[in-house]
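Inside the fold
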Amino acid sequence: MVVYEKQYDIIVVGAGHAGCEAALAGARMGRSTLLLSINLDAVALMSCNPSIGGLAKGHLVREIDALGGEMGKMIDATGIQFRTLNTRKGPAVRASRAQADKQLYRARMKRVLENQENLSLKQGEVTALCVVEGEVRGVDTRVGVRFLGKTVILTTGTFLRGLIHVGLTRYAGGRAGDLPAEGLSDSLRDLGFEVGRLKTGTPARLDGRTIDFSRLEAQYGDDPPIPFSFSTLKIERPQLPCHIVYTNERTHEIIRANLDRSPLYGGVIEGVGPRYCPSIEDKVVRFPEKERHQSFLEPEGADTIEIYPSGLSTSLPIDVQFALYRSIEGLESVEIMRPAYAIEYDYVDPIQIHSSLETKPVRNLYHAGQINGTSGYEEAAAQGLMAGINTALRVQGKEPLVLGRGEAYIGVLIDDLVTLGAREPYRMFTSRAEYRLLLREDNADLRLREKGHAVGLVREDEYEGFLEKRALIVAELERLRSERLAPSESDRVFLEEHGLADLRNAVSFEHLLRRPDFSYRDLEKLDSRCLSLPETVREQVEIQIKYQGYIDRQLQQIERSSKLESCRIPESFDYSALQGLTAEVREKLMRFRPDTLGQASRIQGVTPAAISILSVAIKAGRGK
Amino acid sequence: MYLKDTIAAISTPIGEGGIGIVRISGGAAEEIAGNIFSGKQSGGMQSHRFYYGEIIDPESGDVLDEAMVVLMRSPRSYTREDVVEIQCHGGYLLVRKVLELVIRCGARCAEPGEFTRRAFLNGRIDLLQAEAVIEVIRGKTEAALALAQHQREGHLSKRISRIKEGLLTSLAFIEAYLDFPEDDIELPDCRQIETSIRESLARIEELLDGFSEGKVLREGVSVLIAGKPNVGKSSLLNTLLREKRAIVTSVPGTTRDIIEEVVNIKGLPVKLLDTAGIRDSEDEIEMEGMRLTLEKIPLADLILFVVDASRPFDYEDILIKEALCGHPFLLVLNKSDLPVEAVVPDDLGSAGTISISARSGEGIERLRDSIFSLFIRNGARDGRDFTALSQVRHRDALERARRHLESFLQSFPAETAIEFVALDLRDALHALGEVTGETTPDDILDQIFSRFCIGK
């Protein structure tokens, strides 16, 4: 083994969505950073759907952006269709989604990485970790080089002992066309990690020239497209439509007739797959009464004919794939360019990591992305960003940045992982966030910009823009609170038309806006001064006033749980010496080793009584 | 759990004491006392001084009781927080009513051992006492677990679980609609959700009625004394009443109609019903009395099945046993002062058996205890108002659930912000979860994935 001459502050293993954010964050925080990838042509590749965002995922992207991550800027620069979802519902569940030009996305990320100071990119497969006395020192690669690093971040995606299934045919691979990482998961097992197996799948890629789009319904994006990043002013790229197709009874018959050749139903696949992203055969089996299933045909880019049929992932054999895609109206003569497949891969149960994403068994080793049992580019990027920040903070000798469940979806994500573990691939949903009404896309900057700036990831010009916006919001809220209605004659007519004739002088504008049927647009008619404010400020002011009651309630809920959240459990705490715990609770606590009382309280099976006992013991300094 | 809350509990043993004390601890203690107590001076109360006055329900203006109230300001109190103690007249119902009022005014029912825990966490108790505190909590925990076990199997908990199921289903529909906009899930019929929530609300109200104005509180409980003639039913009644009311003779069948008396057992109002002896009789008047008795059996909360221990358990006893089938009863072996002859069938023992002598009074105290603890479970075990407390806590939770559902219905269906309205549904589930166990996000997702075909 050749030991490379340079010691890095941070080594990032894997250059997917987690790895890229991690490496950029580390390097931008001034740490010498090495990014290692099995294939340097495949950085930030979208292995599955060509899109970013969606419900709760769009929220994550906004948070990544607010903290100074790259994903929002990436998609703004390479997106070919932007849509805001749930516009008919309230602001907390409104979310951004965009189709990406996959190759552009990859190429732009490569360029950003290459232009980043303090960051080296190298191709190499990591086969083992170098650990001395429970502390990571570096990584060994297939070609016999040892890279030394003060901290290491593993973002292995689907590559750890990756196994690809097409029907009953299977072969080792990290992704179609890429080699798997074979040695590393043994190295993790040897270090005492519990390693499990998960499964995911992707549909075939179709040749767009063989699809009859003229018979399909087109779906266009929003006009104008709204960017993800708080720093993007305008989306410049030309926008493209998606198309909608439906499966039919014949499709379902083909699937049913061939289930015995499915590796899933034949019992060949042992890994657990995601329930929210089932293969088409799963849908047909589980919902036999559904006559058709919808699919969006999404372009993989502006300069390619490849088409991604969403929701039609399968692990059925290739001949069945031909038949099933061609049974769909508009796809009668479709050619498959890349077959659909399922992939199994190793992951490390995330109850073995701290909220900082540092592993419990090995100091200075961090895990992010699918290795923690998550799925999704956004979930991966969020963890990558936090791992990058926290390794940099570790090298600087500072405390980690841990976001609370009431502060960010990123906080919910990581807290869920460390307290619940992952038995199936974890995806974010808004229903996972108990403080959902506070964690909106629209206020991600208000929640997180300062933290991103404090660690050094938010540029000064971006931060100043943010401060200005925040000041405008505060001033406008104050103005609306203090200014009162003094209607002129024409105003009275307007009020009467709006059924507000009962309103008289001395009603504050705030009071007016709080009425469910009265919007900022209505207020403009009475009060022209609010016209001069930027749209983002007006939106924020309106939401904060309209939903203040609910927002206050959630703030109180956070306040009530803050005591538990802030109570740290010493790392060396001895649960076996603690009187009064049931055997089950004790076993759970010893297995999870929660960082805080709040975490302990969310572990399933840990009772309020156990938390009381624990809190007393911690306060008393027992159990050390 | 949360040190910021103000907590309250009855801190005297339950029963018919001379006084009962309700203790309040936390930031709002003084304010709550101010709202319900008439005896303070205009400038408020001084710390560590007793005040005399009345406890008044601020909503209705009703006077509950006269009371002595003392305020102990932080940090010179047991918990080092502001503590108010209300000393009112003893008796289960009254003290409980005062506690309920305090909770209505903003306090939360204290967890078992919580005053002590606060005292400890606020540094009032030193390190040496820490272990003792843990023991206290542990002891309470075990009792609480036993109680929880009992309630899990119990009727109340089953009913609450059913309510939760209904709410969870409605919530799953809404959450699926919110979280999967690309899976063409339409919001289900609003009226359907509304109807379902109204049903849940009605069930909660039914339960709440059972708590606040139910039989136990309004009329106390009814206990029927049953047995064949001349086993000493009327003597038992008189002993329990401590004075002679019913005619007592040794001629079988003297009591021909139902006699009702209210007796106070350790603060619990108990309506005692003495019956005509049940027997295979042809005497018409007696038959009438027996018919009444058999009719009363299903209406009683508890039946004292009196058997003469000095005589063999015979055909007539078996008749009664069969009439009691499926109803809660205590087997009372009377005349324990005479040689025991009765051999009681095994399948009778399970209901609980007490030997007494109505004449000498032997065993009567134990019988009183048994009756009391059958209604106020665990009350006898550690002398604390355990069930009563947890009942108040359940009621507290149910009331919060009711408020959230009412507020949900007020703003549903919402045009633009259904996720805000859903908070009420989530909070209602959370409140009910305090009684039967938490609803986790995974429970919601399980429902969604089993109902909807998700995944684009």
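This structure is a prediction, so every number in the text was calculated from the model and none was measured.

1. Some details on the overall build of chain B
Along its length, chain B carries 16 helices and 12 strands. Of the roughly 20000 Å² of accessible surface on chain B, 50% is carried by carbon and sulfur atoms.

2. Looking at a nonpolar patch on the surface
All names here are of chain B. A contiguous nonpolar surface patch, about 320 Å² in accessible area, is contributed by Phe50, Tyr52 and Met68. You can see phenylalanine 50 is positioned in strand β3 (residues 50-56). The exposure class of phenylalanine 50 is partly exposed, given its relative accessible area of 47%.

3. Observations concerning the interface of chain A and chain B
Facing the 57 residues of chain A at the interface are 52 residues of chain B. Between glutamate 175 of chain B and arginine 436 of chain A there is a salt bridge whose closest N-O contact spans 2.6 Å. Here chain A and chain B share 12 residue pairs in polar contact (both at pLDDT 80 or more) between them. Where the side of chain A that touches chain B is concerned, the elements lending two or more residues are β4 (79-85), α7 (280-286), β16 (294-299), α17 (548-566) and α20 (608-619) of chain A.

4. Digging into helix α2 (residues 57-67) of chain A
All names here are of chain A. Burial within α2 is extensive, with 11 of its 11 residues counted as buried. Among the residues of α2, those classed as buried are Lys57, Gly58, His59, Leu60, Val61, Arg62, Glu63, Ile64, Asp65, Ala66 and Leu67. With its phi angle positive at about 105 degrees, glycine 68 sits one or two positions after the end of α2.

5. Points about the packing of aromatic side chains
Residues and elements named next belong to chain A. Applying the stated criterion across every chain, the model contains 10 aromatic pairs over all chains. Aromatic pair phenylalanine 82 and phenylalanine 228: ring centres 6.3 Å apart, planes at 55 degrees, arrangement tilted. With phenylalanine 82 in strand β4 and phenylalanine 228 in the loop between β14 (217-219) and β15 (242-246), this pair connects stretches of sequence that are 146 residues apart. The burial state of phenylalanine 82 is the same as that of phenylalanine 228; both residues are buried. Lying over the aromatic face of tyrosine 246, arginine 292 brings its terminal NZ or CZ to 3.6 Å of the ring centre. One cation-aromatic arrangement involves arginine 432 over tyrosine 426; the distance from NZ or CZ to the ring centre is 4.0 Å.

6. Observations concerning the confidence of the model for chain B
Note that predicted coordinates carrying low pLDDT should not be read in detail. All names here are of chain B. For chain B, the mean per-residue pLDDT works out to 74, and 70% of the residues sit at or above 70. Counting contacts from residues 135-153, a segment whose pLDDT is below 50, to residues more than four positions away or on other chains yields 27 contacts. Within the model, pLDDT remains below 50 along residues 377-390, and this stretch shows 37 contacts once partners closer than five positions in the same chain are excluded. With a pTM of 0.75, the predicted complex shows an ipTM of 0.85.

Cut-offs and rules
Residues numbered from 1 in each chain as written. Chains lettered and ligands numbered in written order. Predicted model: local features only at pLDDT ≥ 70, side-chain atom pairs only at ≥ 80, totals over all residues. Heavy atoms only, no water. Helix = DSSP H or I, 4+ residues; strand = E, 2+ residues; numbered from the N terminus. Areas by Shrake-Rupley, 256 points an atom, 1.4 Å probe, with all protein chains shown as cover. Patch = residues over 30% accessible without salt bridge, like charges linked within 9 Å, V, L, I, M, F, W, Y side chains within 5 Å. Salt bridge = Lys/Arg side-chain N within 4 Å of Asp/Glu carboxyl O. Buried < 20%, exposed > 50% of the residue type's maximum accessible area, 1.4 Å probe, protein only. Contact = heavy atoms within 4.5 Å. Polar contact = N/O pair within 3.5 Å; in protein donor to acceptor, adjacent residues only side chain to side chain. Phe/Tyr/Trp six-rings, centres within 6.5 Å; stacked < 30°, edge-to-face > 60°. Lys NZ or Arg CZ within 6 Å of the ring centre and 35° of its normal. pLDDT = per-residue confidence, 0-100.

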